[in-house]
Structures are given as C-alpha cells and as structure tokens.
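Take a look at the letters that make up each chain.
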Amino acid sequence: MALTLVSSNKCAGGFQKVFEHESTELKCKMKFAVCLPPKAETDKCPVMYWLSGLTCTEQNFITKAGSQLGAAEHGIIIVAPDTSPRGCNIEGEDESWDFGTGAGFYVNATQDPWKTNYRMYAYVTEELPKLINANFPTDPEKMSISGHSMGGHGALICALKNPGKYKAVSAFAPICNPMQCPWGQKAFSGYLGPDRSTWEAYDATVLAASYSGPQLDILIDQGRDDQFLSASQLLPDNLIAVCSEKKIPVVFRLQPGYDHSYFFIYSFMNDHIKHHAKYLNA
C-alpha cells in the first residue's frame, strides 16, 4: 500500500511526519501522523497508537500534546490516525460536530449510509497496524494504545476487545460508558442502529464486565473541572466500579482544576508515555 509523505519535521532528535494513503477499509484517502524517535534510525521500536477525540484530525495531537520528547526518551514510535473517514460525500456527514466527519467513534458501522466507509474500528486495529509494520522500523509484537475523550473510548474498547494485542492502555477523559451518555447514544443509534444489544460490543464498561484476557493495567486521567464530566458524557465511575469488581487494575487520577482541553493532555502526557514504556520496553 503506497504512502505519500505530506510533511516531515525534525523534532526531539527524530522526525514528526504525516502520511496519506488510500484506505481499503474506509474507501477514502486517510492521513496519519507518525513520530519517529532517534532510536528508530538504528533499531526496531515499539508503537503506541493515539486516538483523538471529536472534531480532531491527526494534527491536534502532534501540535498540542508535547508527546515527541517522551517518544524520543523512551524510544517509542507514536502513530496518530485521523478520527473518521473524510470526503465520502455521504448525505448528512457534515451536519453535526459529534456525528459523521470527525466523529467516527471507532466502531464498524452496520447501518446505511455509513457502513461502507465508517469502519474506524477495523482501520485502527487491523489496517493501520499492518501498514505501519510494513513501512516503519517497528517491533510488531509490541504495541499499545491511548486516546482522549471519544479516542479514550476507542483506546479502551480496542484493548478490551483484543486481549493480549496491546501491551498497555491509557486514556484522558474517556467516554467510559457510551450506551448511557448522549454522545454515545447519538453515535451508536446512527452507526449501529436501534438494537441496543449491538452497542455492547463497543462500550468499555460492558466489555470490562466480561473481560477474561491477560492482565491489563489501565491508566486514566480525568480533569475534575471538565465540563463534559459534569454533563454526564464521560461516566468514569461506571467503568471503575466494573473494573474493581472484575479485579482489572485501574489507576484513575482525578486532576483538580483541569478541563477537557489539550492543556490538560499536555500536562500529563509524559506520565502516560512512561506507563506505556514500562510494558513496551519490558
């Protein structure tokens, strides 16, 4: 699969690059960002995948999170895909900020007119890793996943649905129980249809209740002054309750004064990269 280089910038001793390719899963051109640490010039490196939130492209994370220094320090390649298919000319795809373009929710849609293109779950878990492993100096046995908000939801479900595939998982302000919040209900009814039992496959709280794979250490940071926390969009307590019942280790940190923005992510990004490095570099 041919990659087209969109941009390349020297950063933290390595390179921050953006590529474009034709996606077979999403049937459109997709961009992704890849941060190559200095170590990648001589050695194979583990990969951390980052999933961004609503309205984001691959740019938000690479310009605002400050992840490149941590990637360089720990010798980790960081890959940040876009958040949805783009330019598919589906009626209604650009009508709202929390559904359609920029809001793929990391599910495989089953409903018309979304099901042909909106297959972000398959893209993130299958197509993209194959593409990365074929084109970059990765250790394909060592990958982990992280994300923010809608992308935090994506990271959690990818790890919980694929026991052993990801060595570590973390999230910033994830949508923990999408079946029970307005964002999730809107997205799931649109992409997956009215049968709520089909939604369970993409809800971290439901998936945690039936998880039986190898131990997964989860790190979650949540801003206490996050407006979406108080609006009951994120519902971390529901996930934590299930994880403690199932003895799934979760470090949940409620960070006073922080909101939902990238200023919050920037403040704790290094802790998350360290969390991933502990498992990726073991």
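Position numbers for residues count from 1 along each chain, tracking the sequence in the order it is written. Local features in this predicted model are restricted to residues whose pLDDT is 70 or higher, and side-chain atom pairs enter the listing and the counts only when it is 80 or higher, whereas totals over whole chains, interfaces and linings include all residues. The basis for the side-chain values is all heavy atoms of the structure; hydrogens and waters are excluded.

Strands are runs of DSSP state E lasting at least two residues, helices are runs of H or I lasting at least four, and both sets are numbered from the N terminus onward. Each helix and strand counted, the protein chain has 9 helices and 9 strands in total. Computed over its C-alpha atoms, the radius of gyration of the protein chain comes to 17 Å, within 12% of the 19 Å expected for a compact globule of 282 residues. Summarising its shape, the C-alpha atoms of the protein chain cover approximately 50 × 40 × 35 Å along the three principal directions. Considering the protein chain as a whole, with its 282 residues, one finds that 56% of them fall into the buried category. Contact criterion: two residues are considered in contact whenever any of their non-hydrogen atoms come within 4.5 Å of each other. Taking the contacts inside the protein chain whose residues are at least 6 apart along the sequence as the reference set, 72% of them involve residues at least 24 apart. Carbon and sulfur atoms form 51% of the exposed surface of the protein chain, whose accessible area is close to 11,200 Å². Charged-residue counts in this description rest on Lys and Arg as positive and Asp and Glu as negative, His and the chain ends being excluded. Each charge is placed at NZ for Lys, CZ for Arg, CG for Asp and CD for Glu. Taken as two groups, the 24 positive and 29 negative side-chain charges of the protein chain have centres that lie 6 Å from each other. For this measure, only C-alpha atoms enter the radius of gyration; the expected value for a globule follows 2.2 Å times N^0.38, where N is the number of residues. Here the term buried applies to any residue with accessible area under 20% of the maximum for its type, exposed to any over 50%, and partly exposed to those in between, with areas from a 1.4 Å probe on protein chains only. Computed by Shrake-Rupley with a 1.4 Å probe, the accessible areas treat only the displayed protein chains as cover when residues are assessed.

So, on to the sheet that holds strand β4 (residues 45-51). Here a strand pair is declared whenever DSSP counts at least two bridges between the two strands. Strand order in this open sheet of 9 strands is β1-β2-β3-β5-β4-β6-β7-β8-β9, and the pairing throughout is mixed. Pairing within the sheet leaves two strands with one partner each, and these edge strands are β1 (4-11) and β9 (250-255). Adjacent strand axes in the sheet meet at a mean angle of 20°, parallel and antiparallel pairs treated alike. Alignment of strand β6 (residues 138-148) against strand β7 (residues 169-172), held across 4 bridges, turns out to be parallel. Across the sheet, His148 pairs through a bridge with Phe172, a residue of β7. Of the strands in this sheet, β4, β6, β7 and β8 (218-223) are in contact with helix α4 (residues 150-161), which crosses β6 at around 140°. Interaxial angle, 0 to 180 degrees, is taken between N-to-C directions of lines fitted to C-alpha atoms, where a helix line uses only the stretch in contact.

Read these as spatial facts, not as claims about activity.
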